[in-house]
Protein chains: 4
Amino acid sequence: MITPLTDRDTLDQEGLERVVERMINGGVSGIFALGTTGEAPSLSYRLRREVIKQTCRIANGRVPVLVGITDTSLVESAKLAQDVVDYGAAAVVTSAPFYFPAGQPELKEYLEQLIPELPLPLVLYNMPALTKVVFQKEVISWALDQERIVGLKDSSGDLTYFKRMLAMAEAHRPDWSLMVGPEEILGEVVLMGGHGGVNGGAILHPCLYVDLYHAAKAKDLDEVRRLSNKVLALSGDLYSVGQHGSAIIKGIKCALSTLGVCDDFMAAPFHRFHSNERAMIAEILDKHGITS
Amino acid sequence: MITPLTDRDTLDQEGLERVVERMINGGVSGIFALGTTGEAPSLSYRLRREVIKQTCRIANGRVPVLVGITDTSLVESAKLAQDVVDYGAAAVVTSAPFYFPAGQPELKEYLEQLIPELPLPLVLYNMPALTKVVFQKEVISWALDQERIVGLKDSSGDLTYFKRMLAMAEAHRPDWSLMVGPEEILGEVVLMGGHGGVNGGAILHPCLYVDLYHAAKAKDLDEVRRLSNKVLALSGDLYSVGQHGSAIIKGIKCALSTLGVCDDFMAAPFHRFHSNERAMIAEILDKHGITS
Amino acid sequence: MITPLTDRDTLDQEGLERVVERMINGGVSGIFALGTTGEAPSLSYRLRREVIKQTCRIANGRVPVLVGITDTSLVESAKLAQDVVDYGAAAVVTSAPFYFPAGQPELKEYLEQLIPELPLPLVLYNMPALTKVVFQKEVISWALDQERIVGLKDSSGDLTYFKRMLAMAEAHRPDWSLMVGPEEILGEVVLMGGHGGVNGGAILHPCLYVDLYHAAKAKDLDEVRRLSNKVLALSGDLYSVGQHGSAIIKGIKCALSTLGVCDDFMAAPFHRFHSNERAMIAEILDKHGITS
Amino acid sequence: MITPLTDRDTLDQEGLERVVERMINGGVSGIFALGTTGEAPSLSYRLRREVIKQTCRIANGRVPVLVGITDTSLVESAKLAQDVVDYGAAAVVTSAPFYFPAGQPELKEYLEQLIPELPLPLVLYNMPALTKVVFQKEVISWALDQERIVGLKDSSGDLTYFKRMLAMAEAHRPDWSLMVGPEEILGEVVLMGGHGGVNGGAILHPCLYVDLYHAAKAKDLDEVRRLSNKVLALSGDLYSVGQHGSAIIKGIKCALSTLGVCDDFMAAPFHRFHSNERAMIAEILDKHGITS
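In this text, all values refer to a predicted model and were calculated from it rather than measured experimentally.

A.B. asks: Before we go on, may I ask you to explain the interface of chain C and chain A in this structure?
C.D. replies: Many analyses report the size of an interface as the accessible area lost when the parts associate. Counting residues at the interface gives 22 residues for chain C, matched by 22 residues for chain A. For the chain C and chain A pair, buried surface summed over both sides reaches about 2,200 Å², with 56% attributable to carbon and sulfur atoms. Taking the shortest distance from any N to any O, the salt bridge between E170(C) and R225(A) comes out at 3.9 Å. Scanning the region where chain C abuts chain A turns up 14 residue pairs in polar contact (both at pLDDT 80 or more). Of all the secondary structure elements, the ones that give two or more residues to the side of chain C that touches chain A are α7 (159-172), α8 (186-191) and α11 (221-238) of chain C. Tallied by class, residues from the side of chain C that touches chain A come to 8 nonpolar, 6 polar and 8 charged.

Okay, structure coming up:
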């Protein structure tokens, strides 16, 4: 989920309300707040807590809320986790600490220290493009023995990696959830036994992603190809308006703003699209038939 | 400066006292707290404030204290800056926000938004290996027009970059300070007109680095070569005991601990050296004649 | 196809005979000689010509032989292509020139200059890990208008990239072939409309890969999952005996040597496995039931 | 040295004559033909031999000619070396093979196999940006024991690396030559005991680089700073006209063409500058007072 903002430290509360309702009405199975698309690392700690509190309040148990606690400081990560349990979150999610790149043994020890501090189950979040660190086989192998770790979100885009981790989990922890970040390969991942996606596009247009998920669960291959091509076309258009790494988040926020769902303010170091880019986003929405 | 710790959220106060005295007695011109070597991103915000408070108290105006406020959240960065002015810091230091890699125009806007929030002058900190972002010519060119920005610390290890930035600063802002991170090239940098170094080894053995600085200022080339080779030999030994990116910080902390200066506890995701590595560090200190 | 060698500039002719027969008997649809797995850039030009000549002679029209002409010199690349037509090759394959990384406009011009020199159709080969260059959308879009370019082999491992290129080709050039390098995602690629794989493991154990291909063509999802998991397990074992980038080629050559198919000599800068690694490979073959 | 061309496989003989005379008259101590700036990997083998033959003929013993034999194929590398001895080359130069990235033990073995094939002394060429491989300490340490290896050219731009290798060579092989690629740090390198530079700008304007070298040898620090700043300003202008990795070679060739020295044809995948870029180069030459 994106984090709707009205300025650098103010939540767009009504926008958040509409975003959460949009996703739940669209049929999502859960909400992941304060991930990369949620600009979590760019938000103050106070604001992060508010996002969680409000998201849980709005979701109100209709779907589980997973909360990103990724941080460079284990102490801050643990504090955040301890607070969110009161708000009603279902689980916490962490990537590797992302300033100092940990070696794999260091990454394992980091998790070993973090887990006893967590009042909620933990989902790992593999995001090497931004954290510089992969959760490699040896760490995942260890994690599969930790009762408190219950799944993995993989945003590497490397399907071979995903499949290797899935095979390990299927053998040792059938209760684990393995979810994929890049929406363009959601269909394949679910066809191969993966458990779902945590996809940015599903904030804007949840039913498309939900339908794709169900088609893949039902092994309806023709429908998977049809819907997967729609996802591919949408993401190809929507995420190529901007340059730099921020194009995905800006594209989604701008599209939601164009539809009147929420403000498109971006936390630093990013800034919202200008009017010519807004016009392009409006055209893209029109082309893909996303009118509300 | 390293941050001496006794556990993950507790400052080793007596250790800090000895470290600061060691550096000031060794002749350093200033102290940079909460940089990379200070493990700043791994510390809780509370602890970061304590480090600054205590460091300023101990330094007590004998040398200026520069304080790292690098963060992924502009709001947290600004808050930290606003607090440290009360403690007596002389300037704040920031690298690029390091989760989302900002494009250069975004980086400029980030600084534009940050500067009005800062009660102290700002030094930029180029650290691309960890932040994924370089302060490129266009941003530095803009920064040279900002009165509140007063210098650049460059830890890229790219001397050509350093010299280009120095030439620009000499032409437009002779009051800027350009300092180099990697101690192995401190001599060359000062010979070419650079203003000094912010070097990890100077925490352990300040007089060597201070002497090298003065030799270079005095254009005593033979002495520069002699001392620079000593630095090279020391850093080559000390920083290659460990693996992974943490070898430098671990080497310095372990050496200080071996000398009885402070605890060598490391904040997650790192951990202190084991006994065999400690033995190697002890030998290295002995070999280089660092006995106290 | 690997290139069986008896020393640095001598083809293992009998080995080559057995390798080609093995693949054809295993049901492959074609042979790609002088690719990455064929160690082409490590071979002398004389030897490359011999490999092509002998491979075409042995294949004898039973399956088409595609020939890698990737080079850093357009002149050498064109010369090689002109020779191989006489031997009976069906098409040539080129990646980007790989010493100087070309910008996309430069890459397009490179192909523009190369095509008129080629007496055979051209397949593009996307291999960014080794060439430092991706065939991006703009170049592929141009390539789809070139009659002489007939397909793309993608070894990036990025399924989203593959799907984007496939969607472009389906819209403009239904005659193009899009083939995938990493065998671990062969099943998914064919399920989504891709045309096949150029997979190292198919040299060792062709029937497994051929069966997977046919299962995917037949949309037999359960069989795809079953066989894809076998591929994943085999590649996970076989390619992790060695370190460095050479582990895949060494693994395949050593396995073939263990089975008595051909010599496992490797061209510099690589060298064959030692006896302990050979023993591990033998165990892996045994575990996966590859006995001949 | 650049390689003047009139088309993709034709040497600009008169241009080559003028380039070699220009460099020798400018006072260079030697000529390095078929390096990166010489576009060696882009040239046919026939043309590479012609370049060497003609360069040695023109130089006629006035300065030693070093010849790049870098290749992905050890066999071709050795063949080239065996031919060039007849033309009168003084030494051969090789980087790591650059398609497959060799591990360090593999790199050592590669050199071990190459050396007995070489009729001339060998200089190593560290060029990780293009070869993906660094000659690390362990390989250099071994190389210092090989009588046939006589030096190292380092184009990494990493002065700390250069100084470490220099310190090792000074201790074990005082006859080794250590030369630096990036001209912007030539002065510092020579001040610290390095033996010289192999700098692209010295093809265009040799006396500036020769003067800088001599100033550094004479320990005339003020003159080093003055000339080093001139080099920095020239390279900053000249190499930033183009984009992509080709900007340096294009800038030098275009400048030489503008001065009437030689053709500016570039081997694929590069192409010469267009007229607007030519105009910028002409202005830069004018600004820096390079009129002939």
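A.B. asks: Is there a simple way to think about unusual backbone geometry in this case?
C.D. replies: Negative phi values dominate among residues other than glycine, just as trans dominates among peptide bonds. Here the residue pair A268(C) and P269(C) is connected by a cis peptide bond, since its omega of 10° sits within 30 degrees of zero. When you line up the elements, P269(C) lands in the loop between α12 (247-258) and α13 (275-287). Even without a glycine there, the phi angle at L34(A) is positive, about 65°. Here L34(A) lies in the loop between β3 (31-33) and α2 (45-59). Judged by relative accessible area, which is 4%, L34(A) ranks as buried.

A.B. asks: Mind showing me how you'd approach the side chain of S155(D) here?
C.D. replies: Looking at where S155(D) falls in the secondary structure, it is placed in the loop between β7 (149-154) and α7 (159-172). When neighbours within four sequence positions are excluded, S155(D) is seen to be in contact with Y125(D), N126(D), M127(D), G181(D) and P182(D).

A.B. asks: Sorry, what's going on with the confidence of the model for chain A here?
C.D. replies: Per-residue confidence for chain A gives a mean pLDDT of 97, with 100% of residues at or over 70. Complex prediction metrics read pTM 0.96 and ipTM 0.96.

A.B. asks: Can you walk me through the pattern of salt bridges in this structure?
C.D. replies: A side chain with one charge can pair with a side chain of the opposite charge if their charged atoms come near. For the structure shown, the criterion picks out 84 salt bridges over all chains. With a closest N to O distance of 3.6 Å, E112(C) and K108(C) form a salt bridge. Of the two residues, E112(C) and K108(C) both sit in helix α4 (residues 104-114), 4 residues apart, roughly one turn of that helix. Accessibility expressed as a relative area gives 26% for K108(C), which makes it partly exposed. A network of salt bridges, in which partner residues are shared, links D263(A), D264(A), R272(A) and R278(A).

A.B. asks: Sorry if this is basic, but what is going on with helix α3 (residues 74-87) of chain D here?
C.D. replies: An α-helix turns once every 3.6 residues. As a result, residues three or four positions apart point the same way. Helix length check: α3(D), at 14 residues, gives a terminal C-alpha distance of 21 Å against a target of 20 Å (1.5 Å per residue), a fit within 8%. Regarding α3(D), the residues found buried are L74(D), V75(D), E76(D), S77(D), A78(D), L80(D), A81(D) and V84(D). Buried residues along α3(D) sit in contact with α2 (45-59) of chain C together with α2 (45-59), β4 (65-68), β5 (91-94) and α4 (104-114) of chain D.

A.B. asks: How should the relation of the copies chain C and chain A be read in this particular structure?
C.D. replies: To go from the first copy of the chain to the second, apply a rotation about an axis and then a shift along the same axis. By a simple turn and slide, chain C fits onto chain A: the slide is 0.0 Å along the axis, the RMSD is 0.0 Å, and the turn is 180°. What the rotation and shift describe, once combined, is the action of a two-fold rotation axis. When the interface residues of chain C are mapped onto chain A, 100% of them are again interface residues, pointing to one common binding face.

A.B. asks: Help me understand the arrangement of the chains, please; the structure alone is not making it clear to me.
C.D. replies: Nowhere do chain B and chain C come into contact; their C-alpha atoms are at least 18 Å apart. At the C-alpha level, the nearest point of chain A lies 17 Å from chain D, with no contact between them.

A.B. asks: I'm lost on α12(C) in this one. Help?
C.D. replies: Between its first and last C-alpha atoms α12(C) spans 16 Å; for 12 residues at 1.5 Å apiece the expected length is 16 Å, and the two agree. Of all 12 residues in α12(C), 10 are buried, a share of seventy percent or more. Of the positions making up α12(C), those classed as buried are A247(C), I249(C), K250(C), G251(C), I252(C), K253(C), C254(C), A255(C), L256(C) and S257(C). Those residues of α12(C) that are buried lie in contact with β1 (5-7), α1 (13-25), α9 (201-204), α11 and α13 of chain C together with α4 of chain D. Downstream of α12(C) by a residue or two, G260(C) has a phi angle that is positive, lying close to 80°.

A.B. asks: Before we go on, may I ask you to explain the sheet that holds strand β5 (residues 91-94) of chain B in this structure?
C.D. replies: Two modes of strand pairing occur in sheets, parallel and antiparallel, and in both the strands are linked by backbone hydrogen bonds. Residue and element names in this part refer to chain B. Within the open sheet, the 7 strands sit side by side as β3-β4-β5-β6-β7-β8-β9. Their pairing is parallel. Edge strands, defined here as strands with exactly one partner in the open sheet, are β3 (31-33) and β9 (196-197). Two strands pair when backbone bridges link them, and strand β8 (residues 177-180) and β9 are joined in this way by 2 bridges, in the parallel orientation. Within β9, the position partnered with V180 by the bridge is G197.

A.B. asks: Even after reading the chapter, I still don't get the packing of α1(C) against α2(C), so can you show me in this structure?
C.D. replies: How two helices pack is summed up by the angle between their axes together with the distance between the axes. All names here are of chain C. The geometry of α1 relative to α2 is characterised by a closest axis approach of 10 Å and an angle of 50° between their N-to-C directions. Our classification of the angle between α1 and α2 gives oblique. With respect to the hand of their crossing, α1 and α2 are arranged in right-handed fashion. Only E50, V51, Q54, T55, R57, I58 and A59 of α2 make contact with α1, whose side of the interface consists of Q13, L16, E17, V20, E21 and I24. Split into classes, the residues belonging to the contact of α1 with α2 amount to 6 nonpolar, 3 polar and 4 charged.

A.B. asks: How should I be thinking about the interface of chain C and chain D in this particular structure?
C.D. replies: Across the boundary between the two partners, chain C contributes 42 residues, which contact 42 residues of chain D. Buried surface at the junction of chain C and chain D, summed over both partners, amounts to about 3,800 Å²; 62% is from carbon and sulfur atoms. Its largest share of buried area at the contact with chain D, chain C owes to R8(C), Y99(C) and F100(C), together 21% of the area lost on that side. Note that R8(D) and E117(C) form a salt bridge whose closest N and O atoms lie 3.0 Å from each other. At the junction of chain C with chain D, the criterion picks out 20 residue pairs in polar contact (both at pLDDT 80 or more). Contributions of two or more residues to the side of chain C that touches chain D are made by α2, α3 (74-87), α4, α5 (128-131) and α12 of chain C. For the side of chain C that touches chain D, the class distribution of residues is 21 nonpolar, 11 polar and 10 charged.

Reading the values: rules and limits
- Residues numbered from 1 in each chain as written.
- Chains lettered and ligands numbered in written order.
- Predicted model: local features only at pLDDT ≥ 70, side-chain atom pairs only at ≥ 80, totals over all residues.
- Heavy atoms only, no water.
- Contact = heavy atoms within 4.5 Å.
- Buried area = accessible area lost by both parts, 1.4 Å probe.
- Salt bridge = Lys/Arg side-chain N within 4 Å of Asp/Glu carboxyl O.
- Polar contact = N/O pair within 3.5 Å; in protein donor to acceptor, adjacent residues only side chain to side chain.
- Helix = DSSP H or I, 4+ residues; strand = E, 2+ residues; numbered from the N terminus.
- Nonpolar A, V, L, I, M, F, W, Y, C, P; charged D, E, K, R; others polar.
- Buried < 20%, exposed > 50% of the residue type's maximum accessible area, 1.4 Å probe, protein only.
- pLDDT = per-residue confidence, 0-100.
- Expected span 1.5 Å × (residues − 1).
- Least-squares fit on C-alpha atoms with pLDDT ≥ 70 in both.
- Pairing = 2+ DSSP bridges.
- Axes fitted to C-alpha atoms, helices over the stretch in contact; angles between N-to-C directions.
- Parallel < 35°, antiparallel > 145°, perpendicular 65-115°, else oblique.
- Left-handed = near helix turned anticlockwise from the far one by under 90°.

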